[in-house]
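Each chain, letter by letter, is given below.
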Amino acid sequence: MLPSDVDLSSPFGTVDGLDPDDIRTTAYEIFFTSCRSSPGFGGRNALQFYSSDHTNGDVNGSGSKDHAAQGLMASRVKRALGLKMLKRSPSRTSNSCSPNPLPSAPASTPSIGFSTIPGGRSRRPLTSAEIMRQQMIVSEASDNRLRKTLMRTLVGQMGRRAETIILPLELIRHLKPSEFNDSNEYHTWQKRQLKILEAGLLIYPFNPLDKADNLAMCLRDIIHSSDLKPIDTGKTSETMRTVCNCVVSLAWRSAVGPTDICHWADGFPFNVNLYVSLIRSIFDLNDETSILDEVDELIELMKKTWPTLGINKPMHDLCFTWVLFEQYVKTGQVENDLLSASLTMLTEVANDAKKVDREPIYVRMLSSVLTSITTWCEKRLMDYHQSFNEGTIGVMEHILPLVFSATRILEETAAIDKGDIISDSAGNKVDHYTRSSLKNAFAKMVGNGNAISRTMPFQQMCETLLRLANETEELAFKEKGSFSMVLKRWHPISAGVAAVTLHSCYGALLKHFLTCNSDINNEMLTLLQRADKLEKVLVNMVVEDSVECEDGGKTVIREMIPFEVDAIIVKFLSKSIYGRLKRIKDVVQRAKETETWNPKSKTEPYAQSAVELMKQAKELVVAFFDIPIAISEDLVYEFADGIEEILRDYTTFVASCGSKQNYIPTLPPLTRCSRGSKIVKLWKMATPCAVSGLSPYHLGLEEEGNNPRASTSRGTQRLYIRLNTLHYITSQLNTLEKCLPHSSKIIPSQKNRLANGNPRRQAHFDQTRSAIVGATQHVSEVAAYRLIFLDSNSVLYGSLYIGHVVNARISPALRVLKQNLTLLSAIVTERAQALAVKEVMKASFEAYLMVLIAGGSARSFTKADHEMIEDDLKHLKRVFSTYEEGLIQEDVVEKEADTVEGVVALMGKSTEQLVEDFTVVAYEASGLGLASGQTLPMPPTTGRWSSSDPNTMLRVLCHRKDRVANQFLKRTFNLAKRA
């Protein structure tokens, strides 16, 4: 439980300049003076008592009866408040009172109710005066001085009303320093009396005091000067006369003219502090949780102080209520009967508060007292899990009605003043207490090692939230089985409200955790499943608690924002997919920035980036299906599509190696072939007869020992690595695909998803395979054209048939080609060799074809060259048809060589036949007939070479070295001779 009274504030505040002991002693002095005519206070017989307030009822409004009768029966006050009798001693009887002074107080406090006769011979019942002196801890010496003062003051004035006696002034006047043990004791005592006068007349006056009041200023100066030394109280003392004049004048002031009421101790809150000090004396000094059995008579006597203190019954009821509650708190909250008594007194307070003639001071007191009570109670109720336990939960049953009663009185008081309508707010308050206490209890659990932060390791966060889920469930069951059993009296669905609150608290932490993490794994899945279980428990608690509600608890349940664990899992699976796919994308991005296309090793002739890419992809698939949860087929396809998109992107990157057009030489302009080439003439003049039949290649371009080396450049070899990389990816796709559709965790899709208008495909990575096929074709083609037109240019397109066919045959070029193919086989993976070699073949045929029809001014042919050219073509075809047996079928070679053979066949025709055939074909292609008589148009260059293409035939004529061809071209197209 919380500390007892550290947070219990007095509704009346403190009195400036006076401590509790000063207040208590002064209260006793006023009490004794007011009761001076009662038995035990001044004489044996009751004397006539004059008072301006004749209300003599007890706490329940009943009149006082004979003291002996009260002593023989149980206390009516305690019976009305439900308090037990002490039964330690019989009540005193009225005839046992003695006017004699009490003997000196013993070292220890005797049992209340009896006094020891000197000598220890017998014991007699204590008088009310003796009981009060003991209860208020007043020394016998102080009590004797008080009695003497009253005797001196009231000589001949026994009928004088007590409220007309300004007691501190009378005490100062009649008590001399000699009646004290020493001057210091007297000075202290006098200062207290002056402080009492200051409090009652200057600080808390009944009637408002003008700040410029001369009497008040004078009295204040004298009081302040007494701090240094006592004022002279002798009969001739001018200071004393001034004090008497000021005090009497101030005390008898009235706002309505002359009055017979003296106001020196009835200003608020001075008067209430004095009266509360009196009421506190009803508690047994030996057991502060118990009220004396003599409480009835003591309270009756206390009422005699009302005229002096300006107290009435409503104010008494309010003070008595406060003292009961205060004592419960101060004594450690162990006596629940005091709480019940406070609640009973609140019934009286409620009746008093409904009266229309309430004084402003009373309304102020009422608000202050009830606010202090409700503040203290609500502080505990707002955190009742901390304030109470299973052993003290019964206290809540007393505190709740107490705070509701106090709150209702406050509301009704405000409604009377404002004319508002009162509504029952008990249920709303319990709702508020429940939510607040559960939030505090949850916060305490979090504070006890269950806090999470972004800097905490992921696994630790999961473990913390798992532990917190267990503790939250335990707290919910504890709430339902204990506290809610008490609270449901005022709020039928308090357990449901508690469940909703805990659901909200845990949900907030879960949401925070989810914002800190974007990947899902087994730990997170376990946590989410535990959260789902907790949510079901809490929802079920709300449903069970709401059975008797009109709406079945729908209002409360609507407050619960579902955890939506299934949706969260799907969401995080998707986020996890994108997060992990991003890591694969990063591999591709790094490859784009750093890949050099050098093989990983001789045994692994493909790019390192491809190895890393497929490794990451496999790990992603394994991790994805390693999560112990059923996965929808749609999500699997989404996952596979994400991987496929990355693989296609990488494939596109691998294939981004330019185009074959970058290596094909530009077609030279169409010109007529010269009859006698100057280059040939110069060549013959410069070379002796012994070497007249050799080409420039034979003179220096061939390697020693007639063993040519491969001319494959590093750039071309890197293209081979690209080919290998593409085939490596293809080889890994099957392994990757096997992990996807066959997992037992996959839930078949409930709908027939369509992709591109067709039913959802069953196979994965089809598009990747298709893209790789296209990329492989493209890279093979680029590599082949680079090899033939760039790397092998010096022995093929650059030198074949230069000058004269007989001197520049194809044999040297074929030897280099074979070496290049050997190197290709050594580098390119076996599966990619067929396509690579086929593309080299196609590039070779195209290069050979361009030599024949677009060889430029350095080349010219005659019909006699046809046989050598045809023979060279056969050798070129034989290189591929015999290479790596079965790698390229002979019919494939023949098919690819068709175009070249058609052109070679044209070269075997006579010039006249060529001219005739060309004319026919050219007129047909242009849409003009031979009989039209129109000029033959120049056939366009389409690049689609064939023996029936007019442009191809024209180029053969342009390279024909004879007069007929020359004249035809000059006459028909006005072509110039070659430079």
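Just so we're clear, the structure is a prediction, and the values are computed from it rather than from any experiment.

Asker: Help me get a handle on the packing of aromatic side chains, residues and values and all.
Answerer: Per the stated rule, a full pass over the model turns up 22 aromatic pairs. For the pair Trp-597 and Phe-653, a centre-to-centre distance of 5.4 Å together with 35 degrees between the ring planes defines the contact as tilted. Residue Trp-597 is found in the loop between α23 (565–594) and α24 (608–626), and its partner Phe-653 is found in helix α25 (residues 633–655); the two are separated by 56 residues along the sequence. Note on Trp-597: relative accessible area 5%, which makes it buried. For Phe-653, a relative accessible area of 13% corresponds to the buried category. Between Phe-918 and Phe-973, the aromatic rings sit 6.0 Å apart at their centres with planes inclined by 70 degrees, giving edge-to-face as the arrangement. Of this pair, Phe-918 sits in helix α34 (residues 911–926) while Phe-973 is found in helix α36 (residues 963–973), placing the two residues 55 residues apart along the sequence. Residue Phe-918 is classed as buried on the basis of its relative accessible area, which comes to 0%. With a relative accessible area of 12%, Phe-973 lands in the buried category.

Asker: Give a description of unusual backbone geometry that names residues and reports values.
Answerer: Here the residue pair Phe-268 and Pro-269 is connected by a cis peptide bond, since its omega of 5 degrees sits within 30 degrees of zero. A positive phi angle is found at Phe-765, which is not glycine, with a value near 65 degrees. When you line up the elements, Phe-765 lands in the loop between β6 (758–759) and α29 (766–791). With a phi close to 55 degrees, Asn-974 is a non-glycine residue in the positive phi region. Checked against the element boundaries, Asn-974 lands in the segment after α36.

Asker: Provide a residue-level description of the pattern of salt bridges, including the pertinent values.
Answerer: One pass over the structure, following the stated rule, counts 35 salt bridges. Arg-192 serves as the salt-bridge partner of Glu-29, at 2.9 Å between the closest nitrogen and oxygen. Here the residue Glu-29 occupies a position in helix α1 (residues 20–34), and Arg-192 occupies one in helix α7 (residues 183–203), the gap between them amounting to 163 residues. When its relative accessible area of 8% is taken as the criterion, Glu-29 is described as buried. What makes Arg-192 buried here is its relative accessible area of 10%. Linking Arg-769 and Asp-766 is a salt bridge whose minimum nitrogen-to-oxygen distance equals 3.8 Å. Separated by three residues within a single helix, Arg-769 and Asp-766 lie in helix α29, roughly one turn from each other. Where salt bridges share partners, they join Lys-313, Asp-317 and Glu-348 into one cluster.

Asker: Explain the packing of helix α13 (residues 313–330) against helix α14 (residues 336–353) residue by residue, including any values.
Answerer: Where α13 meets α14, the axes come as close as 8 Å, and the angle between the chain directions of the two elements is 160 degrees. The angle between the axes of α13 and α14 places the two elements in the roughly antiparallel class. Crossing of α13 over α14 shows left-handed handedness. Residue-level inspection shows Lys-313, Pro-314, Asp-317, Leu-318, Phe-320, Thr-321, Leu-324, Phe-325, Gln-327 and Tyr-328 of α13 in contact with α14, the latter providing Asn-336, Leu-338, Leu-339, Ala-341, Ser-342, Met-345, Leu-346, Glu-348, Val-349 and Asp-352. Split by residue class, the contact of α13 with α14 holds 12 nonpolar, four polar and four charged.

Asker: Describe the side chain of Thr-331, with residues and values.
Answerer: With respect to the element layout, Thr-331 can be found in the loop between α13 and α14. A polar side-chain atom of Thr-331 sits 3.3 Å from the main-chain carbonyl oxygen of Tyr-328. When sequence neighbours within four positions are dropped, the list of residues in contact with Thr-331 reads Glu-288, Thr-289 and Leu-338.

Asker: Outline the packing of helix α19 (residues 458–487) against helix α21 (residues 522–545), supporting the account with residue identities and numerical values.
Answerer: Viewed as axis vectors pointing N to C, α19 and α21 meet at an angle of 15 degrees, and their least axial separation amounts to 9 Å. The pairing of α19 with α21 is recorded here as roughly parallel in orientation. Between α19 and α21 lies a crossing of left-handed hand. Within the contact between the two elements, α19 uses Phe-458, Cys-462, Leu-465, Leu-466, Ala-469, Asn-470, Thr-472, Glu-473, Ala-476, Phe-477 and Lys-480 and α21 uses Glu-523, Met-524, Thr-526, Leu-527, Arg-530, Lys-533, Leu-534, Val-537, Leu-538, Met-541 and Glu-544. Of the residues in the contact of α19 with α21, the class split is 13 nonpolar, three polar and six charged.

Asker: Account for the nonpolar core, naming residues and giving values.
Answerer: Formed by 284 residues in total, the largest nonpolar core has its most connected members in Tyr-506, Tyr-650 and Tyr-848. Leaving out residues up to four positions away in the same chain, Tyr-506 has contacts with Phe-442, Leu-465, Leu-466, Leu-468, Ala-469, Thr-472, Leu-527, Ala-531, Leu-534 and Phe-563.

Asker: Tell me about the layout of surface pockets, and name the residues and values.
Answerer: Here the largest pocket defines a volume of roughly 730 Å³. What lines the largest pocket is a set of 28 residues, and nearest its centre among them are Pro-20, Ser-277, Arg-280, Glu-326 and Lys-330. The set of elements that each furnish at least two residues to the lining of the largest pocket consists of α1, α10 (270–279) and α13. In terms of residues, the lining of the largest pocket owes the most to one element, α13, which gives four residues.

Asker: Before we move on, could you go through the environment of Ile-646 and cite the residues and values that matter?
Answerer: As for its position among the elements, Ile-646 is in helix α25. Sequence-wise, Ile-646 and Leu-613 are 33 residues apart; in three dimensions their C-alpha atoms are separated by 9.3 Å. Residues in contact with Ile-646, not counting those within four places in the same chain, are Leu-581, Ile-584, Lys-585, Val-588 and Leu-613.

Parameters and conventions
Position labels on residues start from 1 in each chain and follow its written sequence. In view of the model being predicted, local features appear only for residues whose pLDDT reaches at least 70, and side-chain atom pairs are presented and counted only at 80 or more, with totals across whole chains, interfaces and linings using the full set of residues. Excluded from the side-chain calculations are hydrogens and water; all other atoms, namely the structure's heavy atoms, are used. Aromatic contacts are taken between Phe, Tyr and Trp rings whose centres are within 6.5 Å, Trp giving its six-membered ring; a plane angle under 30 degrees counts as stacked, one over 60 as edge-to-face, and the others as tilted. Numbering of helices and strands runs from the N terminus; a helix is a DSSP stretch of H or I covering at least four residues, while a strand is a stretch of E covering at least two. Relative accessibility decides the category of a residue: with a 1.4 Å probe and only protein chains considered, values under 20% of the type maximum give buried, values over 50% give exposed, and everything between is partly exposed. Take a side-chain nitrogen of Lys or Arg and a carboxyl oxygen of Asp or Glu: if they are within 4 Å of each other, that pair is a salt bridge. Axes, fitted as lines to C-alpha atoms, cover a helix only where it is in contact. Angles between the N-to-C directions of the axes lie from 0 to 180 degrees. Should an angle lie under 35 degrees it is considered roughly parallel, over 145 roughly antiparallel, and from 65 to 115 roughly perpendicular; all remaining angles are considered oblique. Note on convention: the crossing is left-handed when the near helix lies turned anticlockwise from the far helix by less than a right angle, right-handed when the turn is clockwise. Two residues form a contact once any of their heavy atoms are found within 4.5 Å. By the convention adopted, Pro, Cys, Tyr, Trp, Phe, Met, Ile, Leu, Val and Ala count as nonpolar, Lys, Arg, Asp and Glu as charged, and the other residues, Gly among them, as polar. Polar contact is the term for a pair of N or O atoms within 3.5 Å; when the atoms are in protein, one must be able to donate a hydrogen and the other to accept it, and sequence-neighboring residues count only if both atoms are side-chain atoms. What we call a nonpolar core is a set of buried Ala, Val, Leu, Ile, Met, Phe, Trp, Tyr and Cys residues that are connected through their side-chain atoms within 4.5 Å. Points on a 1 Å grid, built from protein atoms alone, make a cavity when a 1.4 Å probe fits but cannot get out and make a pocket when they are open with protein on both sides within 12 Å along at least 5 of 7 lines; residues with an atom within 4 Å of a point are the lining residues. Grid points are joined across faces, edges and corners, and a volume is the space filled by probe spheres set on the points.

Read these as geometric descriptors, not functional statements.
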